[in-house]
Amino acid sequence: MAIWLDASCILIVFFSLAIISTYRTVGMIRVFALQSFVLSLTPLFMHADALSVRDATLFVGTLALKAVLVPYILTWAIRHVSMRAETKSIIGLGASIMGGTLLIAGAFWVASSLKLPGTQVSDLIIPCSLATVLMGFMIMVTRYRAVTQVLGYLVMENGIFLFALSLFDAMPLLIEMGILLDIFVAVFIMAIVINHINEEFESAPAASSYSKMGESP
Amino acid sequence: MLIFLILMPFLCAFLVFLPIGKKSRLWLLFGVSSIHAVIAGSFWRELPPPEFSAYLTLDPIGLIFLSVISFLFLSVSAYMIGYFDNEKRDGRTLVACLLFLLSTMTLVSVSYHMGLMWVAIETTTLFSAPLISFHRNKQSLEATWKYLLVCSVGIALALLGTFFLAIAAHDSHTLLLPELLAGQGSMTINWLKLSVIFLVVGYGCKMGLAPTHSWKPEAYGQATGMVVVIMAGALTQCAFLALVRVSQICFKTGLYEFYSSILVVTAVLSLIVPAVFMLGERNVKRLFAYSSVEHMGILVLGLSLGSAGIFGSLFHMINNALSKVVMFLTAGSIAQKYGSSRVGDVRGVIRAYPVTGIFLLFALFGGTGMFPFATFHSELMILNSAIMSGRYILFVIAIICLALIFTGLGKVVLEMVYGEPTEPILARKENFMMNAAIAVSACIMIVLGLWMPEPLKKMLQDAVSMIGA
């Protein structure tokens, strides 16, 4: 099953690159859902010869929270907003893809000097998760919109999770589910804040939005 | 007992959503905080046994922290009873979120597994975010957004750091603290170093250490006084507790030199940044927020200076919380009375509200570490340990920054207290509960500044020897 694991690692990096090079917010959310789906499969590929309850729970948990609920909530958050169509990137499409490619190269270069102790299932896990984390950062930095920033954060989390799902027994299942749930609630609260922000900003002229930052009664 | 302490506030938080009156909601919060405080106080007599196969363990370090948050919630809940006398809103979300926060912070102080600790700290972030936009307007939403995003990303990096730690401790197969410390010999140093860097950056974000402090002035400027006390006194110190745990690991693995060099850099930055930014600031809440960045810098500085510094640092953790009560609850009273916290709108407080005026002076002197307040005592310990370890340049930088911060804060606060009142104010009565809550903290701060009780001293020494210095 190692070949499947390698394939899903590469797919996850490709999807990150695809998110970077997508303009439409809805499109970005869909690609993210696909990425999370592939991510949720990795624990199954990881221990294909001896599947445990733990792998199955992680698969179901990741699939339900990250691949279904989170994209759904994000779509809900942008439904009422007129800006649905596209989000500008600060540095433009070509430069974004170039940047993403450089980040992948950098991640592989760094990972070449980081060796995992103990037995290793796939060489690709560390470089791919690093690359995904870095690209998540890049999405957060190069996009203006609140929703795309959340997406950047989520891509980053997926990168971190690629690490977690594949590597250890140090985390008991309960804590790993706690981590998943925390991320889900974070996105939920962010979506609510986005909704409130939209309401506030549509009812008042935008020019004064930064004028009295830090004031409160 | 520990699990009861965690679950009780959590379950009571759901009671808040029942159709009960505003008053009973506030008394519920006060009751829960009191029970919490009584139980936490009883632990000083004897530490409770570990629970859930040692995932929940209360040790001296955790106990000091637990007592601090328990006291903070008690003060805030007493203050809120007075505050909501003059407030139209029903504060349902506020009370519920505070109870959830009490529960999760208790979990932080007793969690003995680095993963569980991460989960608990992330949960505190989530429950505190709705509190910032208590005054629902554009600026407070922006502040909430900034806080959520910066802290979530920071905490995500800490998660990565936690996973790196798990790789480093590959042979122990667990992140339980005692087993990590026992298996120090087999740790992979390179991965451990990487993990330490990520943990410092991640939890540093949450603590509001410079250069990732940017959410602090916005969030503290927008949130109401009671909330900021919890954020500045307890929430940020949750992350500090995590850094203390990391230092425990670093001491055992001989990585303390490396760890302390990272901490010194962030500490110095966190002293310089507020010193520079405070000089032009006119809003007292934002000023206090920068002062909070400075205090976090001092805490981290103490942590990097060996055993004497760590002793001072743990003591400063208590004093910082007390000073935050005085500072932000007073700022909250002023904001409620004047409808603003800018120095142009608020002047001559001492004539209109003598008691609040005196508290504002206490906030200035306590917050900047003047004699006889306890902050003076602990800052002196930390600076002293800098000199004893021969770091004279560090000492000079710290002194200059502290002096600048005093100037920046003093200029605004003194103008607020003694300045010519801009317009005649409708003198509302001072509220007894509000003032009592502030007065208790101010008194404890003065007492601790003059005399350290023997049990506290022993507990601090136990904590320092646990860290391994």
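Cut-offs applied
Residues numbered from 1 in each chain as written. Chains lettered and ligands numbered in written order. Predicted model: local features only at pLDDT ≥ 70, side-chain atom pairs only at ≥ 80, totals over all residues. Heavy atoms only, no water. Helix = DSSP H or I, 4+ residues; strand = E, 2+ residues; numbered from the N terminus. Rg over C-alpha atoms; globule rule 2.2 N^0.38 Å. Buried < 20%, exposed > 50% of the residue type's maximum accessible area, 1.4 Å probe, protein only. Contact = heavy atoms within 4.5 Å. Lys, Arg positive; Asp, Glu negative; His and termini not counted. Charge placed at Lys NZ, Arg CZ, Asp CG, Glu CD. Areas by Shrake-Rupley, 256 points an atom, 1.4 Å probe, with all protein chains shown as cover. Axes fitted to C-alpha atoms, helices over the stretch in contact; angles between N-to-C directions. Parallel < 35°, antiparallel > 145°, perpendicular 65-115°, else oblique. Left-handed = near helix turned anticlockwise from the far one by under 90°. Nonpolar A, V, L, I, M, F, W, Y, C, P; charged D, E, K, R; others polar. Salt bridge = Lys/Arg side-chain N within 4 Å of Asp/Glu carboxyl O. Core = buried A, V, L, I, M, F, W, Y, C linked by side-chain atoms within 4.5 Å. Buried area = accessible area lost by both parts, 1.4 Å probe. Expected span 1.5 Å × (residues − 1). Phe/Tyr/Trp six-rings, centres within 6.5 Å; stacked < 30°, edge-to-face > 60°. Lys NZ or Arg CZ within 6 Å of the ring centre and 35° of its normal.

Quick look at the overall build of chain B now. Across its full length, chain B holds 19 helices and zero strands. Relative to the compact-globule value of 23 Å for 469 residues, chain B shows a C-alpha radius of gyration of 21 Å, a close match. Expressed as a percentage of the 469 residues in chain B, the buried residues total 66%. If you take every contact in chain B between residues at least 6 apart in sequence, the share linking residues at least 24 apart comes to 82%. Side chains of chain B carry 29 positive and 22 negative charges; the gap between the two charge centres is 6 Å.

Below, the discussion takes up the overall build of chain A. Looking only at helices and strands, chain A features seven helices and zero strands. The N-to-C order of helical and strand elements in chain A reads α-α-α-α-α-α-α. As displayed, chain A has an accessible area near 9,400 Å², and 70% of this comes from carbon and sulfur atoms.

All names here are of chain B. Relative to each other, helix α9 (residues 215-222) and helix α12 (residues 284-303) sit at 135 degrees, their axes nearing to 8 Å. In terms of their interaxial angle, α9 and α12 are classed as oblique. Two packed elements cross with a definite hand, and for α9 against α12 that hand is right-handed. The residues of α12 that touch α9, namely those facing Lys216, Pro217, Glu218, Tyr220 and Gly221, are Lys285, Arg286, Ala289, Tyr290, Ser292, Val293 and Met296. Looking at the contact of α9 with α12 residue by residue, the class counts come to six nonpolar, two polar and four charged.

With that out of the way, let us pick up the pattern of salt bridges. Residues and elements named next belong to chain A. With the rule as written, the count across this model stands at 11 salt bridges over all chains. The residue Arg54 makes a salt bridge to Glu176 at a minimum N-O spacing of 2.9 Å. Pair noted here: Arg54 is in helix α3 (residues 53-79) and Glu176 is in helix α7 (residues 173-203), with a separation of 122 residues, a long-range link. Residue Glu176 is classed as buried on the basis of its relative accessible area of 2%.

Turning to the nonpolar core, a few remarks are in order. Residues and elements named next belong to chain B. In this structure, Met80, Tyr203 and Tyr259 are the most contacted members of the largest nonpolar core, which totals 258 residues. Among the elements that take part in this core, helix α6 (residues 138-168) stands out by supplying 20 residues, more than any other. Beyond its immediate stretch of four places on either side in the chain, Met80 contacts Leu26, Leu29, Leu94, Val95, Leu98 and Met226.

We now examine the interface of chain A and chain B. With 48 residues of chain A at the contact, the number on the chain B side is 50 residues. For the pair chain A and chain B, the summed buried area comes to about 4,500 Å², and 72% of that belongs to carbon and sulfur atoms. The interface formed by chain A and chain B holds zero salt bridges in total. Those elements giving two or more residues to the side of chain A that touches chain B turn out to be α5 (125-142), α6 (146-167) and α7 of chain A. Ranked by residues supplied to the side of chain A that touches chain B, first place goes to α7 of chain A with 14 residues. Along the lines of polarity and charge, the residues of the side of chain A that touches chain B split into 33 nonpolar, eight polar and seven charged.

Relative to the 32 Å expected for 22 residues at 1.5 Å per residue, helix α2 (residues 25-46) of chain A spans 32 Å between its end C-alpha atoms, a close match to the ideal helical length. In terms of burial, α2 of chain A is largely enclosed, as 18 of its 22 residues are buried.

A separate point is the packing of aromatic side chains. All names here are of chain B. Under the definition given, this model contains 23 aromatic pairs over all chains. Judged by centre distance (6.0 Å) and plane angle (85 degrees), the rings of Trp215 and Tyr220 are edge-to-face. Side by side, Trp215 and Tyr220 carry an identical accessibility label, which is buried. Here the aromatic cluster, defined as three or more aromatic residues joined through ring pairs, consists of Tyr147, Trp215, Tyr220, Phe288 and Phe328. When the ring centre of Tyr353 is taken as origin, the NZ or CZ atom of Lys337, which lies over that ring, is 5.1 Å away.

Before going further, it helps to examine unusual backbone geometry. Most peptide bonds take the trans configuration, and most residues that are not glycine carry a negative phi. Residue and element names in this part refer to chain B. In this model, Ala210 is joined to Pro211 through a cis peptide bond whose omega is 0 degrees. For Pro211, the position within the fold is in the loop between α8 (189-207) and α9. A cis amide bond links Phe371 to the next residue, Pro372, at an omega of 5 degrees. With respect to the helices and strands, the residue Pro372 is situated in the loop between α15 (354-367) and α16 (374-388). For Ala54, which is not glycine, the phi torsion reads 65 degrees and is therefore positive. You can see Ala54 is positioned in the loop between α2 (22-42) and α3 (60-83).

Working note: a packed helix pair is described by the angle between its axes plus the distance between those axes. Residue and element names in this part refer to chain B. Two elements in contact, α3 and helix α4 (residues 92-110), have axes whose closest approach is 9 Å; the angle formed by their N-to-C orientations is 170 degrees. Between α3 and α4, the angle is such that the two are roughly antiparallel. Of the residues in α4, those in contact with Gly62, Phe65, Leu66, Ile69, Phe73 and Met80 of α3 are Leu94, Val95, Leu98, Leu101, Leu102, Met105, Thr106 and Ser109. Here the residues of the contact of α3 with α4 sort into 11 nonpolar, three polar and no charged.

Residues and elements named next belong to chain A. If you trace the backbone, Gly136 turns up in helix α5. For Gly136 and Thr101, which are 35 residues apart along the polypeptide, the C-alpha to C-alpha distance reads 13 Å. Those residues within four positions of Gly136 in sequence are excluded, and the remaining contacts are Gly152, Val155 and Met156.

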